[in-house]
Amino acid sequence: MGLHAADLCVLVFYLMGMVAIGVWSARKIKSSADFFMPRRFGKAMMIMFSFGTGTHSDQAVSVASKSFTNGLSGIWYQWLWLPVTPFYWLIAPVFRRFRAITTSDVFEARFSPSVAILFAVVGVLNLAVNIGVMLKGSSEVISASTGGLVSANFAIIIMTVIFVVYGVAGGLGAAILTDFIQGVLTIIFSFLLLPLILNAVGGIAGLREVIEDPHMFSLVAPAEIGLFYIIVIAFNGLVGIVTQPHTMANCAAGKTEMEGRIGFMGGTLIKRLCTVPWALTGLAAVVYFAGTGIEPDKVFGAVAVVFLPKILPGVLGVFIAAILASVMSSCDAFMISSSALFTENVYKRLVPQRDSHHYITVGRVTAVLVVSGGVGFAFWLPGVVKGLEIFWKISPMMGIAFWLGLFWRRTTVKGAWTATLTAFGVLRGLQDMRTP
């Protein structure tokens, strides 16, 4: 596989540890609520759960890729939520007070079962797309960091098998426990490469000496990622964050409102910090890989394969484990959230009054099916940046109905349906206009 024996040992140890945690967590599952929404975690666990769920290696790939082609303005491919981050402090306790297992439950309480089912369908689609984007981005990094000896498709299969095994076994509790470990590894991989490549290109001074275009060093690039673009995607992020299905778990799986509030806000702020080295690594790669014709999506992994093996055997293994950690810590939570949406808000209506073990089994089967859809999307997806843009468009589709229902008492069931279908109709119309 192009890896040192020490690298392989690190990977095997890590993967076996994640599976063991999932199997151990399965012993605590006594009801469907234990599987989908255990409310027993403290501040530290909730911070790392929020960070791990919201941070994955495809984001590092997209930011480094966009920074490689557009300069530091590529950081907005993850900083789009930065202007709305303060709102998380207010959003988290609201979600905790809903006392709901899924966000679909909120739509049912505010509107009707039909709107709840609509959200369940849109939410599962949202998470399947997100899983596909994450798998695609992470597989590109793994392929590049092994010099292409491990194919992207093979990497997708390995990652999927591992997080499905421990996630299906232990539910959301296993996801939160593994996210604590995987969050630490994600922080390591975020900062590991930057000092190495900066040293190789002569630091920031070396970048300014070689890169002549001043827009490459600007956070606002008029040609593509301008001020208006940033404002629009930030507003889009605020509308959509409340209807990302995993937000309910990020805010409500803690012991109290404060655990959810500190966890959601704290984990998000750590992610904002980690985004900085991703962008700087992509910018430094402009100089280091000048004239090589490297694909932008492979930049982050290529930096790893060039520098890490020179440090010490096993360091590249730690990096790849961190990549796996970053994607699996998100995919496991998304998988459980999607299975909760279907099981709690669709299946229970069709097959009511069954015992908890029956619904847990249905949830596990649903989780596997949703992930299968995400894997199929990953194989189809032409590029990570493209997939991220698709995800941005799906997330806020029901956000309009959520915010109107929260602040305007006269919002009706018909209004919620109209707002959602109109949003999808506008999206479809814009796509038709762009198609030659």
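To continue, consider the overall build of the chain. Across its full length, the chain carries 20 helices and zero strands. Sequence separation of 24 or more characterises 85% of the internal contacts of the chain that already satisfy a separation of 6 or more. When the accessible surface of the chain is totalled, it reaches about 17,200 Å², and 70% of it is carbon and sulfur.

Quick look at the nonpolar core now. Among the nonpolar cores identified, the biggest contains 124 residues, and Tyr14, Leu135, Phe163, Leu172, Phe319, Leu324 and Met328 are the most heavily contacted of them. Here this core gets 19 residues from one element, more than from any other, and that element is helix α16 (residues 315-350).

Turning next to helix α15 (residues 299-307). Of all nine residues in α15, seven are buried, a share of seventy percent or more. Restricting attention to buried positions, one finds in α15 the residues Val299, Phe300, Gly301, Ala302, Val303, Ala304 and Phe307.

Going through the model one piece at a time under the given rule, you end up with four salt bridges. Glutamate 259 is paired through a salt bridge with lysine 43; the nearest N and O atoms lie 3.3 Å apart. Of this pair, glutamate 259 sits in helix α14 (residues 257-288) while lysine 43 sits in helix α3 (residues 43-54); the two residues are 216 residues apart in sequence, bridging distant segments of the chain. Of the residues examined, glutamate 259 reaches a relative accessible area of 9% and is grouped as buried.

Right, let's talk about the confidence of the model for the chain for a bit. When pLDDT is averaged across the chain, the result is 81; 90% of the residues are at 70 or more. For the chain, helix α18 (residues 384-394) is the element with the lowest average pLDDT, namely 64, and helix α7 (residues 103-110) is the one with the highest, namely 92.

Before going further, it helps to examine empty space enclosed by the protein. A complete count under the given rule lists three cavities of 30 Å³ or more for this structure. Reported here for the largest cavity is a volume of approximately 260 Å³. What lines the largest cavity is a set of 24 residues, and nearest its centre among them are Gly54, Ile241, Gln244, His246 and Lys271. Mapped onto the lining of the largest cavity, the elements with two or more residues apiece are α3, α13 (247-252), α14 and α18. When residues in the lining of the largest cavity are grouped by element, the largest group, five residues, is from α14. Here the lining of the largest cavity is built from residues that sort into eight nonpolar, 14 polar and two charged. As a volume, the second largest cavity reaches approximately 80 Å³. What lines the second largest cavity is a set of 13 residues, and nearest its centre among them are Ile101, Thr102, Pro245, Ser337 and Ala340. Broken down by secondary-structure element, the contributors of at least two residues to the lining of the second largest cavity are α13 and α16. The dominant element in the lining of the second largest cavity, judged by the number of residues it contributes, is α16, at four residues. Residue composition of the lining of the second largest cavity, grouped by class: 10 nonpolar, three polar and no charged.

Turning next to the packing of helix α10 (residues 194-201) against α14. Where α10 meets α14, the axes come as close as 9 Å, and the angle between the chain directions of the two elements is 30°. Judged by the inter-axis angle, α10 sits roughly parallel to α14. The two elements α10 and α14 cross, and the hand of that crossing is left-handed. Residues Leu194, Ile197, Leu198, Ala200 and Val201 of α10 pack against Pro277, Leu280, Thr281, Ala284, Ala285, Val287 and Tyr288 of α14.

Our focus in this paragraph is the environment of glycine 54. Assignment of secondary structure puts glycine 54 in helix α3. Distance in space between the C-alpha atoms of glycine 54 and lysine 271 is 7.7 Å, their sequence separation being 217 residues. Those residues in contact with glycine 54 that sit more than four places away from it in its chain are Gln59, Lys271 and Ser330.

Let us now look at helix α17 (residues 356-380). Spanning 25 residues, α17 covers 36 Å between terminal C-alpha atoms, matching the ideal 36 Å at 1.5 Å per step. For α17, every residue scored as buried is listed here: Tyr359, Ile360, Val362, Gly363, Thr366, Ala367, Val370, Val371, Gly374, Val375, Phe377 and Ala378. Capping the start of α17 is the job of one residue whose side-chain oxygen sits 3.3 Å from the backbone nitrogen of histidine 357: aspartate 355.

Turning to its location among the elements, serine 190 is positioned in helix α9 (residues 152-192). Since its relative accessible area comes to 1%, serine 190 is described here as buried. In this structure the side chain of serine 190 is engaged in a polar contact, spanning 3.1 Å, whose partner is the side chain of tryptophan 278. Residues within four places of serine 190 in sequence aside, it is in contact with Cys274, Pro277 and Trp278.

Summed over the entire model, instances satisfying the criterion amount to 14 aromatic pairs. Each ring, one from tryptophan 76 and one from tryptophan 79, has its centre 5.9 Å from the other, and the planes form 75°; the classification is edge-to-face. Here tryptophan 76 pairs with tryptophan 79, and both are found in helix α5 (residues 76-79), just three residues apart, close to one helical turn. Of the two residues examined, tryptophan 76 and tryptophan 79, each falls in the buried class. Geometrically, the ring pair formed by phenylalanine 95 and phenylalanine 98 is edge-to-face, given 5.7 Å between the ring centres and 70° between the ring planes. Classification of phenylalanine 98 by relative accessible area gives partly exposed; the value is 28%. These aromatic residues form a ring-pair network of at least three members: Phe95, Phe98, Phe107, Phe111, Phe119, Phe402, Trp403 and Phe407. Here lysine 348 stacks its cationic end above the ring of tyrosine 359, 4.8 Å away from the centre of that ring.

Definitions and cut-offs
- Residues numbered from 1 in each chain as written.
- Predicted model: local features only at pLDDT ≥ 70, side-chain atom pairs only at ≥ 80, totals over all residues.
- Heavy atoms only, no water.
- Helix = DSSP H or I, 4+ residues; strand = E, 2+ residues; numbered from the N terminus.
- Contact = heavy atoms within 4.5 Å.
- Areas by Shrake-Rupley, 256 points an atom, 1.4 Å probe, with all protein chains shown as cover.
- Core = buried A, V, L, I, M, F, W, Y, C linked by side-chain atoms within 4.5 Å.
- Buried < 20%, exposed > 50% of the residue type's maximum accessible area, 1.4 Å probe, protein only.
- Salt bridge = Lys/Arg side-chain N within 4 Å of Asp/Glu carboxyl O.
- pLDDT = per-residue confidence, 0-100.
- 1 Å grid on protein atoms, 1.4 Å probe; cavity = no way out; pocket = protein on both sides within 12 Å on 5 of 7 lines; lining within 4 Å.
- Points joined across faces, edges and corners; volume = space filled by probe spheres on them.
- Nonpolar A, V, L, I, M, F, W, Y, C, P; charged D, E, K, R; others polar.
- Axes fitted to C-alpha atoms, helices over the stretch in contact; angles between N-to-C directions.
- Parallel < 35°, antiparallel > 145°, perpendicular 65-115°, else oblique.
- Left-handed = near helix turned anticlockwise from the far one by under 90°.
- Expected span 1.5 Å × (residues − 1).
- Polar contact = N/O pair within 3.5 Å; in protein donor to acceptor, adjacent residues only side chain to side chain.
- Phe/Tyr/Trp six-rings, centres within 6.5 Å; stacked < 30°, edge-to-face > 60°.
- Lys NZ or Arg CZ within 6 Å of the ring centre and 35° of its normal.

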